[in-house]
Every structure is written in structure tokens, then in C-alpha cells.
Amino acid sequence: MSVTAKLFKLDDREIPFEAGDTIIQAATRAGVDIPHYCWHPGLSVAANCRMCLVEMMPPPGRKAMMLEVARFDSASGTYVKEQKPKLVPACQQSVAEGMDIRSNSSDHVIRARASVQEFLLLNHPVDCPICDQAGECRLQDYWLEHQQTKKRMRDEPVHKPKAVVFGPTIVYDAERCIACTRCIRFCDEVAKDPVLTLRQRGNLNEIAVAPGRQLDNAYTLMTEHVCPVGALTARDFRFKARVWFLRSAETICTGCARGCNSYTDYDPRQQKVYRYRPRTNETVNKHWMCDDGMLSYRRITEGRITASSVEGQVVEDAQAVERAVSLLRGIDGKKLAILMGSEFSLEDNAVLLALGRNLGAESFFESGQPSGKFDQVLMLADKNPNTAGVQALLDTDPLPISELAQGVSSGRFTHVLSLGTTLKEREAEESLALQKATRIAIGSHQGALAEGANVVLAVACWAEAEGIFVNVGGLAQRSSRAVLPPSGLEPAHQVIAAVAHALGQGPKQLSLSEIRATIDRDARELAPGTVRLARIALPNLVERPVLWGTQLGPSSDQSGGVQSGYLESSLDQSSQDQSSQDQSIGKVRFEKNRGASL
Amino acid sequence: MEPIERDLDSAEIRLSADPMLLNVGPSHPATHGTVRIVVELSGETIVRCDVQVGYLHRGFEKMCERGTWNQVFPYVDRCNYVSPMLNNVGLALACEKLLDIVVPNRCQYFRMALGELARISDHLTCTAAMAMELGAFTPYLWMMKAREMIWDIMEEETGARLTHSFGRIGGMAKPPTDGFKEHSRAVMAHVTKTIDEVERLLLTNRIFLDRLENVGVISAENAISLGWVGPCLRASGVPYDVRRAHPYMKYGEIEFDVPVGAKGDCFDRYMVRLEEIRQSARIVEQTLNRLEDSGPINVDDPRVVLPDKHDVYSTIEGTIQHFKLVMEGVKLPAGEAYGYTEGGNGEMGFYLVSDGSGTPYRVRIRPPSFYVTGGLEHIITGQMMADIVPCFGSLNMIGGECDR
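Quick caveat, the model's predicted, so the values are computed rather than measured.

1. Looking at the overall build of chain B
Next up, step 1: From N to C terminus, chain B includes 17 helices and 8 strands.
Next up, step 2: For 404 residues, the compact-globule estimate of 2.2 N^0.38 gives 22 Å, and chain B sits close to it at 24 Å.
Next up, step 3: Across its three principal directions, the C-alpha atoms of chain B cover 95 × 45 × 40 Å.
Next up, step 4: A burial count over chain B gives 51% of its 404 residues as buried.
Next up, step 5: Across chain B, every contact between residues at least 6 apart in sequence was considered, and the portion connecting residues at least 24 apart equals 71%.

2. Considerations on the overall build of chain A
Next up, step 1: Across its full length, chain A holds 15 helices and 26 strands.
Next up, step 2: Put simply, chain A has 598 residues, and 47% of those count as buried.
Next up, step 3: Contacts spanning at least 24 positions in sequence make up 69% of the contacts within chain A whose residues lie at least 6 apart.

3. What about the packing of helix H8 (residues 346–358) of chain A against helix H9 (residues 387–394) of chain A?
All names here are of chain A.
Next up, step 1: Two numbers describe how H8 lies on H9: the axes approach to 10 Å, and their chain directions differ by 30 degrees. Classified by the angle between their axes, H8 and H9 sit roughly parallel to one another. The interaxial crossing formed by H8 with H9 has right-handed handedness. Each of Leu346, Asn349, Ala350 and Leu353 in H8 lies in contact with H9, whose residues at this interface are Gly389, Val390 and Leu393.
Next up, step 2: Of the residues contributing to the contact of H8 with H9, the split by class is 5 nonpolar, 2 polar and no charged.

4. Details of the nonpolar core
Next up, step 1: By size, the foremost hydrophobic cluster in this structure holds 158 residues, and its most contacted members are A:Val54, A:Ile338, A:Leu457 and A:Ile496.
Next up, step 2: Leave out the neighbours within four places in its chain, and A:Leu457 touches A:Ser308, A:Ala320, A:Val321, A:Ala324, A:Ile442 and A:Val495.

5. Let's talk about the sheet that holds strand S2 (residues 13–17) of chain A
Residues and elements named next belong to chain A.
Next up, step 1: Taken in spatial order, the 5 strands of this open sheet run S2-S1-S7-S3-S6, and their pairing is mixed. Because the sheet does not close on itself, it has two edges, and the strands there are S2 and strand S6 (88–89).
Next up, step 2: Across 2 bridges, strand S3 (residues 53–56) lies against S6 in antiparallel orientation. If you follow Leu53 over to S6, its bridge partner there is Pro89.
Next up, step 3: In the packing of helix H2 (residues 107–120) onto the sheet, contacts are made with S3 and strand S7 (100–102), and the angle to S3 comes to roughly 160 degrees.

6. Notes on the interface of chain B and chain A
Next up, step 1: Across the boundary between the two partners, chain B contributes 13 residues, which contact 16 residues of chain A.
Next up, step 2: Elements supplying a minimum of two residues to the side of chain B that touches chain A: helix H12 (309–314) and helix H13 (316–328) of chain B.
Next up, step 3: If you tally residues by element for the side of chain B that touches chain A, the top one is H13(B), at 8 residues.

7. As for the packing of helix H3 (residues 84–99) of chain B against helix H4 (residues 105–133) of chain B
Residue and element names in this part refer to chain B.
Next up, step 1: Two numbers describe how H3 lies on H4: the axes approach to 7 Å, and their chain directions differ by 140 degrees. Compared by their axis directions, H3 and H4 come out oblique. Contact residues: Pro84, Met85, Leu86 and Val89 in H3; Arg111, Leu114, Gly115, Ala118 and Arg119 in H4.
Next up, step 2: Split into classes, the residues belonging to the contact of H3 with H4 amount to 6 nonpolar, 1 polar and 2 charged.

8. Overview of the domain arrangement of chain A
The accessible area lost on association of the parts is a frequent measure of interface size.
Residue and element names in this part refer to chain A.
Next up, step 1: You can read the domains of chain A as domain 1 (6–120), domain 2 (173–300) and domain 3 (309–597).
Next up, step 2: In this assembly, 35 residues from domain 2 lie in contact with 37 residues from domain 3.
Next up, step 3: Of all elements in the fold, only strand S13 (247–252), strand S14 (261–267) and strand S15 (272–278) reach the threshold of two or more residues within the side of domain 2 that touches domain 3.
Next up, step 4: Broken down by element, the residue count for the side of domain 2 that touches domain 3 peaks at 4 residues, all from S13.

9. With respect to the environment of A:Ala453
Residue and element names in this part refer to chain A.
Next up, step 1: One can find Ala453 in the loop between strand S21 (438–443) and strand S22 (455–458).
Next up, step 2: Among the residues examined, Ala453 registers 26 C-beta atoms within 10 Å and is labelled buried.
Next up, step 3: C-alpha separation for the pair Ala453 and Ala441, spaced 12 residues apart in sequence, amounts to 6.6 Å.

10. Examining the environment of B:Ile320
Next up, step 1: Along the polypeptide, B:Ile320 turns up in helix H13.
Next up, step 2: Taking the C-alpha atoms as reference points, B:Ile320 and B:Lys193, 127 residues apart in sequence, are found 52 Å from one another.
Next up, step 3: Ignoring any residue separated from it by four or fewer positions in sequence, one finds B:Ile320 in contact with A:Cys128, A:Leu139, A:Gln140 and A:Trp143.

11. Concerning unusual backbone geometry
In terms of backbone geometry, most residues other than glycine have negative phi values and most peptide bonds are trans.
All names here are of chain A.
Next up, step 1: If you check the backbone angles, Ala47 has positive phi at about 55 degrees while not being a glycine.
Next up, step 2: Among the secondary structure elements, Ala47 is positioned in the loop between helix H1 (23–29) and S3.
Next up, step 3: Judged by C-beta crowding, with 17 C-beta atoms within 10 Å, Ala47 ranks as partly exposed.

12. Brief notes about the sheet that holds S15(A)
Residues and elements named next belong to chain A.
Next up, step 1: Strand order in the open sheet formed by 3 strands is S13-S14-S15, and the pairing between neighbours is antiparallel. Looking along the sheet, the strands with just one partner apiece sit at the ends: S13 and S15. Taking the axes of each pair of neighbouring strands and ignoring which way they run, one obtains an average angle of 30 degrees across the sheet.
Next up, step 2: With 6 bridges joining them, S14 and S15 adopt antiparallel strand pairing. Bridge pairing links Asp267 to Lys272 in S15.

13. Examining H2(A)
Next up, step 1: For H2(A), built from 14 residues, the straight-helix expectation of 20 Å at 1.5 Å per residue is met to within 8% by its first-to-last C-alpha distance of 20 Å.
Next up, step 2: Next to the buried residues of H2(A) lie S3, S7 and helix H3 (138–147) of chain A.

14. So, the pairing of strand S24 (residues 475–479) of chain A
All names here are of chain A.
Next up, step 1: Among the 5 residues in S24, 5 count as buried, and that is most of the element.
Next up, step 2: As paired elements, strand S23 (residues 467–470) and S24 share 4 bridges and run antiparallel to each other. Residue pairing for S24: Gly467 is matched across the bridge by Ser479.
Next up, step 3: Taking the residues between adjacent antiparallel strands as the criterion, S23 and S24 are bridged by 4 residues, where Gly474 takes a positive phi near 90 degrees.

Thresholds applied
Residues numbered from 1 in each chain as written. Chains lettered and ligands numbered in written order. Predicted model: local features only at pLDDT ≥ 70, side-chain atom pairs only at ≥ 80, totals over all residues. Helix = DSSP H or I, 4+ residues; strand = E, 2+ residues; numbered from the N terminus. Rg over C-alpha atoms; globule rule 2.2 N^0.38 Å. Buried ≥ 20, exposed ≤ 12 C-beta atoms within 10 Å, placed from the backbone. Contact = placed C-beta atoms within 7 Å. Axes fitted to C-alpha atoms, helices over the stretch in contact; angles between N-to-C directions. Parallel < 35°, antiparallel > 145°, perpendicular 65-115°, else oblique. Left-handed = near helix turned anticlockwise from the far one by under 90°. Nonpolar A, V, L, I, M, F, W, Y, C, P; charged D, E, K, R; others polar. Core = buried A, V, L, I, M, F, W, Y, C linked by C-beta atoms within 7 Å. Pairing = 2+ DSSP bridges. Domains from an automatic or database assignment. Expected span 1.5 Å × (residues − 1).

Put into C-alpha cells, the structure is as follows:
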């Protein structure tokens, strides 16, 4: 923003704006709420809900445009002639300098909002008790804020189709729909799959799926997310939980390397995660997440390793650690292959790296999920949330897995210590070569590396521990803990620290801030410009911990990590340029663009 | 009995000249609340004492911070549990101050009538228990019978004898029943008759008077500096009654006298309470005369008051209103407010802090009992051990209110 910001007046308050702003954009940025249903910061303007109507005062010396209206006077029982100003939708009206806008201070606006709200509820069914949106529904919120009247219409409301299956993920209820068209615009503009449309008019108006199609693109759950009312509900979440019982943790989606900012909604009473929701971050995922990512919360509980084991026998965690220590004690570091975990946080990997280096290991590989489908919106082929973090820590690319298999068969590696239990290359998992080595697997989920391993150390997964994940663009983002780990498991960095301690390498307990300080110190001590680790901009993590997960400091370079190829998709074109609330906490910069998998 | 076989010489009793340390309570027949009094006795005279409260601390101010504002009412019921209606009304008044709303007149008179009935039951309990502890059992039964009648009224109106949870922000849970006035008048006639009889019985009893007069004296200055309020302060001659000093609801238009004592001894405290019962009966009569038989009991404000059940089940507007008020609670505007009421033991203060959400940010209660009990040490030091009983009884410490 330039120093001499241009200003306009909203309810007698001076508000700065940028060229091209609409009233609602400038107001939202200034923290002023104008009620709205159909406007969404990431979608085009429809201006059809009329909830954001505001009064625009005429320029000095000019008369306001007034409309002749007939108002029913209940005292006399007749209609009386009256004038009212023509109100404008704040989502569509662009701002000009010196404009005088009245929102909460205008009686006309207050009356208009109440009328719009009453109109939207005219045919609304009495569904709150059975509606999944209850508790986070705009109709409920705005009734209290802007209407507060009882029903006046005594007729039977219009009945429309309910529980219409739109596709594998979404169910539609036409009676609850206010026809704001957010879902249609989302499919058109962001998902680039124009499969929804409006049909009929007036009170028969409803959303319809294109004939012969289903709502089955990769972003269907976002239609439910943008729906301001309970018209679209996710089949996955329907009737599972009540939102007022859920708490939200600010997390990072671990479904792929994009690192979409998300909320993990969980029930604290049962320590159970019910859903992911996108968290707005203009530089990463804007307002969106893909279906695969949204549903990846299921993996928190699916296929978990819930107990440590030695030679296939379930044992106490301490015993497993003891066994791992005895296997690792005194071995030749050159014969030890270490697999870093690209599904695990930066802290977990940093502790593992330190353990490996202290043991004299020289060969570092990488575990993780195999590549999957990708698109031009958000989804990346790399299905691991921390590939970039592992690379940055290693200061080089991890060695190819083929070398690992080869090394084990040739006897070059006698021990394999892995964080994570799957390999990015499925074929390598299937090869029997690894069976020959003594294997220690640290992991949260079952996988080839855990099967038949000499020691399996069970640890907490991403939802059960705080940690930093470095996304494809080099943004180090903090993900907080949502639920408690099953059966008292510890985060991986604690377990690895316990192993290292038993080997005489360091303290038994390592706090996250200590690990972060170490990462940061390593980054500073290495010569800048030569080593990748030196460019992990982690000082924010260490020096201003209060800012974690909220905002980058003003001095940090916000554009450096975000380069072309990264988000050069329909997202950029469709969403309007909003104030960027960058919730990342530091970034890793690379010479070459890591987002090339797009 | 076993015969004393010991030689008299060897059984010689040596009485120590040192003060004796004695522990009374926390559970003791004469402490009708859980309170511990550690006394240092020289002979039978108390030379030093330490009064320890907190045995009934349940941390309910903290508990208030997790529900909605209306969910605080059941907690304040358990403050002064001998007159819970006064607490209910006090909290409602504080919330309404923050919301800047005033309940309809019908509700105000209803609240006053119920409140004064609660005060009578409070004073009856205190005076009855005090008499009983000094050996007068008959008046105890008479007064308990009268209190039972008041609790019958409460049960009729609220459904509960003791913990009514009857107050609501913006009104009361229910309007008065059809028989409320008739029932209350009949009970008031009996209560005043009982008081007259009790007075005749006790005030001609030499033992009773000797146990109270000039025992546990406190001066007006000391009472004020200890933060005393209510009947105990008035017994020391300070005519401070919140209903008169800062009239709330409709107390400004009601005729009643504020009885004060002359010496500030246990007898004065006893007499002030007896007289206040008569004054409360006067107030009840006046409020019943002013209480309309029909009309709204709750404010007409959809932000605050639950909708009609029929609307909830048949219209979306009613459903939404019900949902917002029940699930999210009444949203008191962000800010602070101090609401007060003359409770059974004096000024009951509610200091509320709201952050604008439906959940209290802080609920602080100023319990009159806490400050009055703080003066117990002052009034029993120098008295005889046996004087603890009338002194403690006359202060009417209510554990729920004092310890919260």
C-alpha cells in the first residue's frame, strides 16, 4: 500500500482502499464486517443475495436517487407513500475516493437487511435440529444479528426436493438452499468443472447437476465448504458430529507437498478427528483444499501402528527402545542406512539426522508415500508433506532407493534405520533385498518397512504432535497438535531422542524449541550461499515464537519462496486479490524451483 | 462406672497456667456450616483466635466461565442456599444492567415478593437456629414450621423447595401461579403470628437474654471497616440497607422501615432480624397489592428471552432463536457491570465481566457472609468459650456463600 492511501468513508470511519477494490473488499480488509451470503473472497461477484446492500450518499450538492415506495402503516391499515434511497450491493460497487457509504448507521440498510433475511427464511424448513450446518449457519447468525422477528407468513412453505445425491460426496437439500450460486461459481471458476447450474425461477429455484453428470471432480467438498447454509452437506460428515462440540486446531494438510493450511476439527471428549477444513492462506491454498486432502483425516486412524514391537512381538515402548539401542550400539556407521521421513515433521527429521551423523552414518535415503495423481489447481504428485524439509536438512538430495536395495544385497549396509514405513518406490518395497538387513522402523502407520522389522518403534502421527512441514514452495509452516496419540505414544522426535540418549548422545528429553534452535543454529553456522540448509529462514521460529502460525514479520521476504510454477493455476485468475494473511512461519529457498512437478 | 482406685495423692491434678489451644470445627455441632475456629484459652476466656473458612469452596466462580450466562443461575442458587431467590434476582439484575434492559413491572413485583419471602425464610432459619443452640427448642420448631410454609410457596411457584434456579435474564422462568397472592397472604399472617409468639417466649427468658446481651459487641466504626453489611451492620446502628440506600427494582415506592440496633451485640443482631421479618411481611403485602394478575413477565427482546415453544416447533425463526439462545447463550455486550441486591446477609454483589460471547468471562460475587465472618475473630476475642455459639449464630455465616 502506498504511503498516501486513498480513503473512503464507511459509517463515518475513514477506510483505505486500493484501486479496483469493492466496498466489501476494502471493509473486510479493514476488519469491518458487512453481512453477505453470496460474496466469497475467492469467487467472482454475483450480487444476488442482496444481504450486503449499503447506502451510498450522493456527492455534496447533488440529490440522492430516491425510489417511490408504498409502506404499509399498521396503525391506519393502509399503504402510505414514502421515499427510500436506492441501495447498492457492497460486493459489486467499486470504491472511489471520498465516497460516503452508510452501512450500520443507515436505517434504510438495517431495514433492507431484515427484509432480505426474512425473505430468505420465508420458505426455509424447520431443519436446524437435523441439519449439519446448525451452529455454523449464516441464516442462524444473521437472524439474530439482523432480523430478530417472528414469522409473519402463515402459508405453507414451498416444498422442494430434499436429500438429492449430487455425487459420491455431496447431498443437496433444495429447501434449505438460498440460491447464492457460490457452489456453481466454485465449480466454474476454481475446479474448472462447470457441472452445477441453477434451474427454475422464483421460489422453485434450485441447484441442478448437468444431465448425465455427477458432482465428482476433485474439489467437490469445497462446494459444501462455500455453502453458507445447510443446502449442501458432505456425505462424509453428515450426522456424524455436532459442530459446537468440535474444537479446531490450526494444521497443515499432509496429503501432498502443497501444504494446504487447514483446520483439524476434532471432538475433545473422544479425541477423534471428524474433518479437515481449509484455512485461508493466500500464498499457499487461498481458500481451498482438494477432496483427497479433506478426506485424508481418515488416515489418522487407519492402518496405525499402536504399539512398539521387537521381532514381531508387541513390547513396552521402553523395551523396544532398549532393543533398538543394543542393535545400534557400536556399529560401523558406514554400514548404517538411514531413511529420513518425508511424512514426518522437520523436528523429527532433524533429530534423526543428528543421531545418524553422530553414529557416523553417511548414507541418507528417504521414506514416504509413492507419487499419485495431480492437477493444475492444488494437488501435487508428491504425496509427502515434508519432502522439501528433508532435502533442506540433508543439504543434498537423498540417495536413490535403488542404491539402498543394492547396498543391502551386497552387504554394504547391514543396518537400516527408517523414519516412516513406506517407500516412495513401491517396487523397492517389494524387493526382498531389504529383508537381509537388520531393520529398525520408527513409524505411525503400517507399511512394508515395518513388516518383519527387528524393531518397530510406534510414534504419534501428524495430527497428534506439533511440527513444522516445509512445503513445495519452501514455506516452513507450523502444524499444531489436534488430538492425543493413541495409547500414550510419543512424537517421533522424543523417541529418537530417547534412543540417542541411551547411546550417550544427548539429553533424554528434547523440547520442540530446543530442536528448532538447533536447526536454526546449524543454518547460521554453515556458510550462506553454498549449502541449502543455510537458507532455511527459520529465525522467525526461534526469535519470535509468539508469531508462530500467525504472520510473518514485516521484514521477512514474502515473495522469495513463492515462485512461478507454484500456484500458477486457475487459483490465481479466479480469486480476487485479497490481503494476504500469510500464516507461514519461515521459508526455505532453493536455487531451483521445487514446484516443477506441476 | 469403675471406682477410682487410685490414691488421691497420686491423682493430684496439675492445672497448667499456660493458655490452652483448642480446636473447634471444622465439623462441630455449634458451627452450622463448616468453619474451623482455633482458640487460645486462658481458663475459659478466649485470648486469641483464628477463624478459618474455605471448607465449602467449590470454585463455582470458575465453573461459571464454561457455560452460558443463564447457566450461572443454578450456581448462585448454591451461594446463600437459605434464600436462593435473592441470589437469582441479584444475578439477573446484574446481567440486565449489562444488557441495558428493564423487566416489566409485573416481573419486578413478582421478583420482590419472592425475594422478601426468601429473606423471611433466611431470617427465620438464622434466628431459629440461634435460639436452639442456646437451648430454646420450642421456638425453633415454630419457626421451622413457618419456614416450611414459605418453602411450600416456593415449591408451588418454582417447582423446587430450595434450589429454584428460577431467575432468567430478562424475566423469570414462569409467571406467578393463580393462587400465589392468596397463598402468600395466608402464610404471612401465620409468620407474623409466629414471630410475636417467639418474641413473647424468648424475651421474657432470663437465660436467653443473659447469653445475648453485651456479648459479641462491635462498634459501628469497626463493623464498617471490616466491610460488614446487612443485619449485622444495622445491629451496630448503621442504617445501611441497599433497598433504601440504592433502591433497585421498585423498592423506592414501597414503605418499609430499616430497623437498627443500639449496641451491636448479639441481642441487637437477633432483634434486627426479627424486626426485618415483620418489615419483609409489609413489603410482601405491598408488592402483592401492586402485582398485576396478567401481563408479560419477560422483556420483549428476542436476543434475550426464549421464544414460545409453539414457534420453536413450527417456524424456522423460532427454531433459530431457540438454537442461538440455548446453544450459544444470551450474548451480553462486552463490558463490566456491578449488580447488587440486599441478600439475606446484606449486600450481595455481582461483578460481571463479559467479552461479548455467550459465555461469562468472569463472574465475581461479593458475598456478605465472607466479610461478616471476617469479624468473628474480633467479636469473640475476650469473650468466654461458650459465647462462640451465640456470636457465630448471630453472624449467620452461610458456607456456600462465604466460601463459594
